[in-house]
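# What the coordinates show
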Amino acid sequence: MDRVSSFDEPLKNRLGGATAKVMAEHLGLHTVGDLLHHYPRRYEERGKLTALADLPLDEHVTVVAQVADARILMFNNGRGKRLEVTLTDGSGRLQLVFFGHGVHKPHKELLPGRQAMFAGKASVFNRKMQLAHPTYQLLDASDADEATEAVDAFAGRLLPIYPACKQLDSWRIAKAVDAVLPLAQDAVDPLPASLCAGRGFTPLPEALLKVHRPQTKADVEDARARLKWDEAFVLQVALARRRYADTQLPAVARRPVADGLLDAFDAKLPFTLTEGQEKVSKEIFDDLATEHPMHRLLQGEVGSGKTMVALRAMLTVVDAGGQAAMLAPTEVLAQQHHRSITEMMGELAEGGMLGGSDRGTKVVLLTGSMGMAARRQALLDLVTGEAGIVIGTHALIEDKVQFHDLGLVVVDEQHRFGVEQRDALRSKGKQPPHLLVMTATPIPRTVAMTVFGDLETSVLDQLPAGRSPIASHVVPAKDKPHFLARAWERVAEEVENGHQAYVVCPRIGDDAEEAEGKKGKAKKKAPDEDSEKRPPLAVLEIADELRKGALAGLSVEVLHGRMHPDEKDDVMRRFSAGDVDVLVATTVIEVGVNVPNATAMVIMDADRFGVSQLHQLRGRVGRGSAPGLCLLVSEAHEASPARARLSAVAATLDGFELSRIDLEQRREGDVLGQAQSGVRSSLRMLTVIDDEEVIAAAREEAVAIVAADPELEHLPELRTVLAALLDKDREEYLDKG
């Protein structure tokens, strides 16, 4: 059998149909290779063989002894039972104890006179040394050689504990691994020989052997180091090849023009750009000036001025004769961007209109719910080139939308968009347009190198001058109801001082939503059990309560995704103008909404939101010169993980620190994990949060290898492993992110 096919061999050929079926259905393991890459989660230590007289306390030990007696004792008024077994080995005595359902098997097997090996952690109970629930193996006293061999194999070993399922426990998986372990020698090694030698890695077959059947802890470390590298390296080669392929595509270079639209815009700015904005703008301008498409991720804290940087890039493209499109994830956000960009540009956004600037261009909005006449005009402005900038939702990608010369696409807050959309947009340019993806969710460096690994990254980590600090506090509504009353007083005080406030709720609370719930749609589980006992608080109910109670007399309005776009726009416009005191909203305000006069935010059922989302929401206040206040209201009890999460948000304004906490809690180390892609993860050993150095080093090696040999012609093994990793589903996932 050749080297590749033995790993591709179906498990049923080796293990029999029933076991193979369970492995496929419950563990997603189909081939010999799948099982060999199903690594132990941890290892139990059995300890060296020890005489009963010499047992060390609190250590893992293995003993060979004879059963002196065994008895079942009842407790808890007969509701509970435990099995106590006394052992002797001539040097001393030891008690074993088994509880509950665990008593049946040992009660039948550990009969007086039987000899066996026992392994567990030695502890003291009632001043007696004991092992609780030890693992054991019966010995055949009639065959001394076999008994000695069994003792040697059992004692002192690290026992692998596998990720298992109800239908197949760890020891049966271990037996199945034993059946295929000899095939580990057929493993195709993806690492080039020079890299392996240079970094002193264990050969792959040996690493597989060591991870499944380690003799020592050093074996485990050795194997893990090697297998982590494989995963990081293969993924980084896939991403490096994607980046390389992008550099081979043609694009129109868009270079800044002297005395054009950009210069006119910069001249009328009432402030100077931050150092970070200048630096990132330069990176973008350098990319735009090349003849292959830019693929850049721009990440920056809420309010760090990403929109300004993106707008200057769009103006550069317009100066160079092209058009720029900005995609927003929601209509509210598209309208908000359109409004703020036309305000920033002033007469420069009125090209060809009365009172517009000679150097100006037209900035149009295109969303799905626009009226026919406005839509027709916008489409006409795009196809003739009259509009240099268009802002819209994914409606921009529809077949009907034609551009005169699309040069740049800016994607806002859509963590990626799929391969289909990217292709659809590419086809709208004479050549592929440049791409800038923006996110206000700070992304730890390792995640940027994996999830966004095919994009170059720019970071804006400086807040513009004049931004105010935000104070955040947790309000324990259940333990201290008077704290919540005080929260509403604080909101009223902010309004009295001429400011405005947001109240955010997880749910809308309208009939449509209730009906959906009744239809049996899957509802998301709340992160905390306490709040699970009642439905999440709703915008419409809370707004009603506030109007009648704590905030009576103030102007309280609602905003949510089910409102008609014109109605939403009207509410946002009046809130921006200061005519609305308090806006009770869902997370539609999470990104892009910019009202400098809003200083307070109360987030109801805050434990229902993720760490990064809370940080995003909080970034809506303190955008002007007055300090911001964010109150995180929760009924979660003090010791719960949900409260710990909220305390972390209240304790720091550093988004990168919070995104790290978020990642640790959600363990999104599985960047290609099932949750995201619907296919089995290729990352089993590597965790994105802990293995930053491995990922960075693997990326460096991958870039060098792909630069020297883009088609991997001299590395057939690496090509084989890549082909197996990037089956169609996963390739698509990498594209969609």
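The structure presented is a predicted model; accordingly, all values stated were derived computationally and were not measured.

### Here's the deal with the overall build of the chain
Counting its secondary structure elements, the chain contains 29 helices and 21 strands. Scored against the burial criterion, the 737 residues of the chain give a buried share of 52%. The contacts of the chain with a sequence gap of at least 6 include a subset with a gap of at least 24, amounting to 73%. A total accessible area of about 33300 Å² is found for the chain, and carbon and sulfur atoms account for 51% of it.

### What to know about helix α13 (residues 306-319)
Spanning 14 residues, α13 covers 20 Å between terminal C-alpha atoms, matching the ideal 20 Å at 1.5 Å per step. Among the 14 residues that make up α13, 13 are buried, leaving the element largely enclosed by the rest of the structure. A positive phi of about 90° marks Gly-321, the residue just after α13.

### Observations regarding helix α3 (residues 17-27)
Where α3 is concerned, the buried positions are Ala-20, Val-22, Met-23 and Leu-27. Along α3, the residues classed as buried sweep out an arc of 160° about the axis, all on the same side. Exposed side chains of α3 directed beyond 90 degrees from the buried face belong to Ala-18, Lys-21 and Glu-25. Packing partners of the buried residues in α3 comprise α2 (12-15), α4 (32-36) and α7 (170-180).

### Structural notes on the sheet that holds strand β11 (residues 362-366)
Ordered by their spatial adjacency, 7 strands build an open sheet running β11-β12-β10-β13-β14-β9-β15, and the pairing between neighbours is parallel. Looking at strand neighbours, the two that pair on one side only are β11 and β15 (456-460), the edges of this open sheet. Ignoring strand direction, the axes of neighbouring strands in this sheet form an average angle of 20°. By the bridge criterion, 5 bridges tie strand β10 (residues 323-327) to strand β13 (residues 406-412) in an arrangement that is parallel. By the bridge assignment, Gln-323 is partnered in β13 with Leu-406. Sheet contacts for α13: β9 (295-300), β10, β12 (387-392), β13, β14 (434-439) and β15; angle to β13, the most-contacted strand, approximately 170°.

### Regarding the pairing of strand β17 (residues 500-504)
Burial analysis of β17 places 5 of its 5 residues in the buried class, the great majority of the element. Here β17 shows a buried face lined by Gln-500, Tyr-502 and Val-504 and a second buried face lined by Ala-501 and Val-503. Here β17 runs beside strand β20 (residues 598-603); their pairing, made up of 5 bridges, is parallel. Bridge assignment links Tyr-502 to a residue of β20, and that residue is Met-601. Both β17 and strand β19 (residues 582-585) contribute to a ladder of 4 bridges, which runs parallel. The partner of Tyr-502 across the bridge, within β19, is Leu-583.

### Brief notes about the side chain of Gln-236
Along the chain, the position of Gln-236 falls in helix α10 (residues 217-247). Overall, Gln-236 belongs to the buried group, its relative accessible area being 1%. Once residues lying within four places of it in the same chain are set aside, the contact partners of Gln-236 are Met-449, Thr-450, Ile-695, Ala-698, Arg-699 and Ala-702.

### Re the sheet that holds strand β18 (residues 556-559)
For sheets, the rule is that strands pair by backbone hydrogen bonds, running either parallel or antiparallel. Across the sheet, 6 strands lie side by side as β16-β21-β20-β17-β19-β18; this open sheet has parallel pairing. With one partner strand each, in any of the chains shown, β16 (470-476) and β18 form the two edges of the open sheet. Between one strand axis and the next, the sheet turns through 20° on average, direction left out of account. As paired strands, β18 and β19 are joined by 4 bridges and run parallel to one another. Bridge assignment links Val-556 to a residue of β19, and that residue is Val-582.

### Points about unusual backbone geometry
Phi at Asn-76 is positive, roughly 60°, even though this residue is not glycine. Checked against the element boundaries, Asn-76 lands in the loop between β2 (60-75) and β3 (80-88).

### Observations concerning the confidence of the model for the chain
Low-pLDDT portions of the prediction should not be read for the details of their coordinates. For the chain, per-residue confidence averages 82 on the pLDDT scale, and residues scoring 70 or more make up 85% of the total. Of all helices and strands in the chain, the one with the weakest mean pLDDT is helix α26 (residues 674-677) (31), whereas β17 scores best (95). Low confidence marks residues 520-532, where pLDDT is under 50. Its contacts with residues over four positions away, or in another chain, come to 21 contacts. Counted against residues more than four places away or in other chains, residues 667-681, with its pLDDT under 50, gives 41 contacts.

### What to know about the packing of aromatic side chains
This model, assessed by the stated rule, comprises 6 aromatic pairs. For the ring pair Phe-75 and Phe-99, a centre distance of 6.5 Å and an interplane angle of 90° mean the geometry is edge-to-face. Taken together, the residues Phe-75 in strand β2 and Phe-99 in strand β4 (residues 93-99) connect sequence positions 24 residues apart. On the accessibility criterion, Phe-75 (33% relative accessible area) is partly exposed. The rings of Phe-98, Phe-118 and Tyr-136 are connected pair by pair, giving a single aromatic cluster.

### Topic: the nonpolar core
Of all hydrophobic cores here, the largest spans 53 residues; its most connected members are Tyr-502, Val-503, Val-582, Leu-583, Val-584, Ile-589 and Ile-603. Non-local contacts of Leu-583, meaning those with residues more than four positions away in its chain, are made with Ala-501, Tyr-502, Val-503, Glu-557, Val-558, Leu-559, Val-571, Met-572, Phe-575 and Ile-589. One finds Leu-273, Val-318, Met-326 and Leu-333 within the second-largest nonpolar core, a separate group that totals 39 residues.

### Side note on the pattern of salt bridges
Following the criterion strictly, the structure yields 32 salt bridges and no others. Of the charged contacts, one joins Asp-178 and Arg-213 as a salt bridge, the two residues approaching to 2.8 Å between their closest N and O atoms. Pair noted here: Asp-178 is in helix α7 and Arg-213 is in the loop between α9 (204-212) and α10, with a separation of 35 residues, a long-range link. Asp-178 sits in the partly exposed class, given a relative accessible area of 42%. Note on Arg-213: relative accessible area 23%, which makes it partly exposed. Of the charged contacts in the structure, one is a salt bridge between Arg-296 and Asp-287, with a shortest N-O distance of 2.7 Å. Judged by its relative accessible area of 9%, Arg-296 falls in the buried class. Salt bridges linked by common partners bring Arg-486, Glu-489, Arg-490, Glu-493 and Glu-494 together as one network.

Thresholds applied
- The written sequence of each chain sets the order in which its residues are numbered from 1.
- Per-residue local features are limited, in this predicted model, to residues with pLDDT of at least 70; the limit for side-chain atom pairs, both in listing and counting, is 80 or more; totals at the level of whole chains, interfaces and linings are taken over all residues.
- In computing side-chain values, all of the structure's heavy atoms are included and hydrogens and water are not.
- Here a helix means four or more residues in a row that DSSP labels H or I, a strand means two or more in a row labelled E, and each is numbered from the N terminus.
- Note on classification: 1.4 Å probe, protein chains only; a residue is buried when its accessible area is under 20% of the maximum for its type, exposed when over 50%, partly exposed between these limits.
- Here a residue-residue contact requires only that any non-hydrogen atoms of the pair lie within 4.5 Å.
- To be clear on the numbers: accessible area is Shrake-Rupley with a 1.4 Å probe, and residue cover counts the displayed protein chains and nothing else.
- Between the first and last residue of a helix there are one fewer steps than residues, each counted as 1.5 Å, and that sum is the expected span.
- When we speak of the arc, we mean the arc of directions from the helix axis to the C-beta atoms.
- Pairing between two strands is assigned when DSSP locates at least 2 bridges connecting them.
- Note on geometry: axes are lines fitted to C-alpha atoms, helical ones only across the stretch in contact, with angles between N-to-C directions running from 0 to 180 degrees.
- The predictor attaches a confidence to each residue, and that confidence, scored 0 to 100, is pLDDT.
- In summary, the pairing rule links any two rings of Phe, Tyr or Trp, Trp by its six-membered ring, whose centres are within 6.5 Å, and it sorts them by plane angle into stacked for under 30 degrees, edge-to-face for over 60 and tilted for everything else.
- Here the nonpolar core consists of buried residues drawn from Ala, Val, Leu, Ile, Met, Phe, Trp, Tyr and Cys, with membership extended through side-chain atoms lying within 4.5 Å.
- Salt bridge, as used here, is a side-chain nitrogen of Lys or Arg placed within 4 Å of a carboxyl oxygen of Asp or Glu.

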